[in-house]
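The lines below spell out each chain.
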Amino acid sequence: MIKALLYHPDTNQIEQGDEKLIDRWRTDSSAILWVDLENVQLEQEQALLEGFELHPLAIQDAVRSRHPPKIEVFSDHLFVLLRGLDADYSGIEFGVIQLALFAGERFFITRHTRRSTSTNWLISQVLIDPSMFKEGPKSLVVHLANRLVRRYVEILLAFEPRLDEIEQEIFDRPEDSLLFELTRHKGRLREIRRIASYHLSISSELVSDPSIVGAELSHEVIDVLEQVERTVSLAELYYETAKDLTDGYIALSTHRLNRVMQILTVITVIFVPLTFIAGIYGMNFENMPELRTSTGYFFVLGFMTTVGIVLLALFRRKGWV
């Protein structure tokens, strides 16, 4: 699907349409064009991108199914590759999409294979306030990047209460499902941290070189950097928390297992001498004087009971039972 927005600065109006607006944009030297490509056939997509005289290597990176986020500055346009959240994400269980941005003097191109919530959000914003185009296409790059990185912060903040719940459940009703959940969450947090590290490199470059998007956007770029840094810090914090909870669960499980083994050991130690005595008097030898004693049975039984009580008292004194 190809969507296009054509902004006319003289009237501050936006036309909505498809690729047909590209020809009208070429004939209007003052208009600014935004083309959004979503799940477009590769041949059509490449032909359209080449029509804007974009760098071939940038086009190659943009259409790849998977490529690390990056930023490249060319003589007549800016190329930014971001990794955004899938529109159908559910909390920490999210998917990602690759979002390619091209910004020239009078055009802005966004490319993604699946629906992009951040892109749709920005489209709705510019339709409400067309004057956002007056800042130039590169300002749209910054606004879109800001919205994209904020979504990572949002899911991390929404995830924090679940960690508190897991911590309480570990003490109240520990189950193996909690360990599986923590392991899955750690994988997701590692992924967020890895993605944020790429975005941190991009935003740091924009801050260090204000000429890339213009000095007038320095505050917005700094805000992007701050959001990315917050994403990194929260992902690292929650990862360490999940790791500590995992270690705590394993420690508690080990402790419970040790308690069970301790009780079994106590039972075994108590019954070893009793089994030994029973084994001796269970032998079928004729020359066993105790067998002919009228009180022998009661004496041996009493002796075995005494041994058991003494051992049990000894273990209780040591705090083993």
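The structure presented is a predicted model; accordingly, all values stated were derived computationally and were not measured.

Asker: What is the right way to look at the pattern of salt bridges in this model?
Answerer: Charged atoms that come close allow side chains of opposite charge to pair. Evaluation of the coordinates by the stated rule reveals 15 salt bridges. Across the salt bridge formed by glutamate 45 and arginine 111, the nearest N and O atoms sit 2.7 Å from each other. Separated by 66 residues along the polypeptide, glutamate 45 in helix H2 (residues 42-51) and arginine 111 in strand E7 (residues 107-112) bring together distant segments of the chain. Taking the shortest distance from any N to any O, the salt bridge between arginine 147 and glutamate 154 comes out at 3.3 Å. For glutamate 154, a relative accessible area of 38% gives the class partly exposed.

Asker: Got a minute to help me understand the pairing of strand E2 (residues 13-17) in this structure?
Answerer: The two faces of a sheet get side chains in turn, since along a regular strand they alternate between them. Sheet topology note: the strand E1 (residues 2-8)/E2 ladder contains five bridges and is antiparallel. From the neighbouring strand, leucine 5 faces E2, where its bridge partner is glutamine 16. Where E1 folds back onto E2 in an antiparallel hairpin, the turn is made up of four residues, including asparagine 12, whose phi is positive at roughly 55°.

Asker: How do you make sense of the pairing of strand E5 (residues 77-85) when you look at a structure like this?
Answerer: The buried fraction of E5 is high, at nine of nine residues. As defined by bridge partners, strand E4 (residues 70-73) adjoins E5 across four bridges and the pair is classed as antiparallel. Paired with isoleucine 71 across the bridge in E5 is valine 80. Hairpin remark: E4 followed by E5, antiparallel, with three residues in the connecting loop. Where E5 and strand E6 (residues 96-104) come together, nine bridges link them in antiparallel fashion.

Asker: It is not clear to me how the environment of glycine 51 should be interpreted in this structure. Could you clarify?
Answerer: Its location among the elements puts glycine 51 in helix H2. Here the alpha-carbon distance between glycine 51 and isoleucine 22, two residues 29 residues apart in the chain, equals 9.9 Å.

Asker: What's the story with the sheet that holds E7 in this structure? I'm lost.
Answerer: Each strand in a sheet pairs with another by means of backbone hydrogen bonds, the pair being arranged parallel or else antiparallel. Taken in spatial order, the seven strands of this open sheet run E2-E1-E3-E7-E6-E5-E4, and their pairing is mixed. Each edge of the open sheet is held by one strand with a lone partner, namely E2 and E4. The mean inter-strand angle of the sheet, taken between neighbouring strand axes irrespective of direction, is 15°. Strand direction decides the pairing type here: E1 and strand E3 (residues 32-38), joined by six bridges, are antiparallel. Among the inter-strand pairings, tyrosine 7 is bridged to a residue of E3, identified as isoleucine 32. Those strands touched by H2 are E1, E3, E6 and E7, and its axis lies near 160° from that of E3.

Asker: Help me out: how do you make sense of a nonpolar patch on the surface in this one?
Answerer: Taken together, the side chains of Leu257, Val260, Met261, Ile263, Leu264, Ile267 and Phe271 present a nonpolar region at the surface, about 650 Å² in accessible area. With respect to the secondary-structure elements, valine 260 resides in helix H7 (residues 218-280).

Asker: Would you mind going over helix H8 (residues 296-317) with me for this structure?
Answerer: Every α-helix carries 3.6 residues per turn, so stepping three or four residues along brings you back to the same face. Helix length check: H8 (22 residues) gives 31 Å between terminal C-alpha atoms against 32 Å at 1.5 Å per residue, within 8%. Along H8, the residues classified as buried are Gly296, Val300, Met304, Val307, Gly308, Leu311 and Phe315. Seen along its axis, H8 keeps its buried residues to an arc of 105°; they face one direction. Exposed positions of H8 whose direction lies more than 90 degrees from the buried face are Phe298, Phe299, Ile309, Arg316 and Arg317. Looking one or two places after H8, you find glycine 319, whose phi comes out positive at around 80°.

Asker: Just to check I follow, could you spell out the packing of helix H4 (residues 117-128) against helix H5 (residues 137-172) for this structure?
Answerer: Helix-helix packing is characterised by the crossing angle of the two axes and by the distance between the axes. One way to put it is that H4 packs onto H5 with a least axis distance of 9 Å and a crossing angle of 130°. Classed by the angle they form, the pair H4 and H5 counts as oblique. As H4 packs across H5, the resulting crossing turns out to be right-handed. For the pair H4 and H5, contact is made by Thr117, Ser118, Thr119, Trp121, Leu122 and Val126 and by Leu140, His143, Leu144, Arg147, Leu148 and Arg151, respectively. Taken together, the residues of the contact of H4 with H5 sort by class into six nonpolar, four polar and two charged.

How each quantity is defined
Per chain, residues are indexed from 1 in the order of the written sequence. For this predicted model, a pLDDT threshold of at least 70 governs which residues receive local features, and a threshold of 80 or more governs which side-chain atom pairs are given and counted, while totals over whole chains, interfaces and linings are taken from all residues. Processing note: side-chain calculations cover all non-hydrogen atoms of the structure and skip hydrogens and water entirely. Here, a salt bridge means any Lys or Arg side-chain nitrogen found within 4 Å of an Asp or Glu carboxyl oxygen. A helix here means a DSSP run of H or I that spans at least four residues, while a strand means a run of E at least two residues long, and both kinds are numbered starting from the N terminus. When a residue's accessible area, from a 1.4 Å probe over protein chains only, is under 20% of the maximum for its type it is buried; when over 50% it is exposed; and in between it is partly exposed. Only when DSSP finds a minimum of two bridges between them are two strands counted as paired. Angles shown run from 0 to 180 degrees and are taken between the N-to-C directions of axes, each axis being a line fitted to C-alpha atoms and, for helices, limited to the stretch in contact. The contact rule is simple, with two residues in contact once any of their heavy atoms fall within 4.5 Å. Only residues whose relative accessible area exceeds 30% and that take part in no salt bridge are eligible for patches, with like-charged residues grouped when within 9 Å of each other and nonpolar side chains (Val, Leu, Ile, Met, Phe, Trp, Tyr) grouped when within 5 Å. For the accessible areas, the method is Shrake-Rupley and the probe is 1.4 Å, while residue cover comes only from the protein chains on display. Take the number of residues in a helix, subtract one, and multiply by 1.5 Å to get its expected span. Arc definition: directions from the helix axis to the C-beta atoms. The cut-offs work like this: below 35 degrees is roughly parallel, past 145 is roughly antiparallel, 65 to 115 is roughly perpendicular, and the gaps in between are oblique. In this scheme, a crossing is called left-handed if the near helix is turned counterclockwise away from the far one by less than a right angle; it is called right-handed if the turn is clockwise. Throughout this entry, Asp, Glu, Lys and Arg are counted as charged residues, while Ala, Val, Leu, Ile, Met, Phe, Trp, Tyr, Cys and Pro are counted as nonpolar. The remaining residues, Gly among them, count as polar.

Geometry only, nothing functional implied.
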